[in-house]
Amino acid sequence: MGTRRLFLAVDTGAECHARIIEAVSRARAHAPRARWVRTEGIHVTLVFLGEVDESLVPAVVAKAEGVAARHAPLTLRFEGAGCFGGRKPRVLWIGVGGDVPALGLVQKELSEALMEVGYVPEERLFSPHLTLARAGFGGTDAGLWAAARALAAESFGEVTVRELVLYESVLSAAGARYEAVARLPLGGAPAPLH
């Protein structure tokens, strides 16, 4: 058996996603050297598991299902933009507002539950965001700040999050592609895809 590169996330919903794609198309001109994420894969990462042994995937689904079942759907807003990296911007992001405390609780419980299948939680605080671009191979890109300023006052709408999604990140020369492994309804039972 092999391994699968997995993470748990929430999606933006079709309406917000369309607005974000339109904004990304405008912002690209400010940071042409940046590595822009594939727009179809924009999401809010809750837990990045990394390489997981294939035999542990059912246990990951079961643990995440248990957490999802205890939480009600929540509403998130996507608005504004900024950069991680201070004066040396490395990552361009869109901000997340709304039921962020509830989302943080879901993330905390996922992290704790997944420790039982070998997950080592990150030490940094959970900061929900949508990653749009990363600095190129130089490690920093001032153009990211220009893109953040261009998007800073924008609102991309809100979505009612009704499920968590377990994704597999499939790496290729064209970049990572994300495939849903299971959808875990908040307050309900999982609907495995494959």
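Note: the structure precedes this text.
Attention here is on the structure that accompanies the text. (Residues numbered from 1 in each chain as written. Predicted model: local features only at pLDDT ≥ 70, side-chain atom pairs only at ≥ 80, totals over all residues. Heavy atoms only, no water.)

Structural notes on helix α4 (residues 142-151)
Point 1. Inspection of α4 places Gly143, Leu144, Ala147, Ala148 and Leu151 among the buried residues, and these make up the whole buried set. In an axial view of α4, the angular spread of the buried residues amounts to 145°, which keeps them on one side of the axis. Exposed and facing more than 90 degrees away from the buried side of α4 are Ala142 and Arg149.
Point 2. Its buried side turned inward, α4 meets α1 (14-27), β2 (35-36), β4 (74-84), β5 (91-98) and β6 (129-134).
Point 3. The N-cap residue of α4 is aspartate 141: its side-chain oxygen and the backbone nitrogen of glycine 143 are 2.8 Å apart. (Buried < 20%, exposed > 50% of the residue type's maximum accessible area, 1.4 Å probe, protein only. Helix = DSSP H or I, 4+ residues; strand = E, 2+ residues; numbered from the N terminus. Arc of directions from axis to C-beta. Contact = heavy atoms within 4.5 Å. Polar contact = N/O pair within 3.5 Å; in protein donor to acceptor, adjacent residues only side chain to side chain.)

Observations concerning the packing of helix α2 (residues 57-69) against helix α3 (residues 100-114)
Point 1. Axis separation between α2 and α3 bottoms out at 9 Å; the angle between their running directions is 145°. Considering how the two elements wind past one another, α2 and α3 form a crossing that is right-handed. Only Val106, Glu109, Leu110, Ala113 and Leu114 of α3 make contact with α2, whose side of the interface consists of Val60, Lys63, Ala64 and Val67.
Point 2. Class assignment of the residues belonging to the contact of α2 with α3 gives a composition of seven nonpolar, no polar and two charged. (Axes fitted to C-alpha atoms, helices over the stretch in contact; angles between N-to-C directions. Left-handed = near helix turned anticlockwise from the far one by under 90°. Nonpolar A, V, L, I, M, F, W, Y, C, P; charged D, E, K, R; others polar.)

Comments concerning the sheet that holds strand β7 (residues 155-161)
Point 1. Across the sheet, which stays open at both edges, the five strands sit in the order β2-β6-β5-β4-β7 with antiparallel pairing between neighbours. At either margin of the open sheet sits one strand with a lone partner, and together these are β2 and β7.
Point 2. Here five bridges tie β4 to β7, and the two strands are oriented antiparallel to one another. Directly across from glutamate 79, in β7, lies its bridge partner serine 155.
Point 3. This element, α1, spans β2, β4, β5, β6 and β7 of the sheet and lies at about 150° to β7. (Pairing = 2+ DSSP bridges.)

Observations concerning the pairing of strand β9 (residues 177-185)
Point 1. The pairing of strand β8 (residues 163-170) with β9 spans eight bridges and is classified as antiparallel. Paired with valine 165 across the two strands is arginine 183, which belongs to β9.
Point 2. The turn linking β8 back onto β9 is made up of six residues, and glycine 175 within it adopts a positive phi angle of 110°.

Structural notes on α1
Point 1. A rise of 1.5 Å per residue sets the reference length of α1, with its 14 residues, at 20 Å; its end C-alpha atoms lie 20 Å apart and thus fit the reference within 8%.
Point 2. For α1, every residue scored as buried is listed here: Cys16, His17, Ile20, Ala23, Val24 and Ala27. Seen end-on, α1 carries its buried residues on one side only, within an arc spanning 125°. Opposite the buried face of α1, by more than 90 degrees, sit the exposed residues Ala14 and Glu15. (Expected span 1.5 Å × (residues − 1).)

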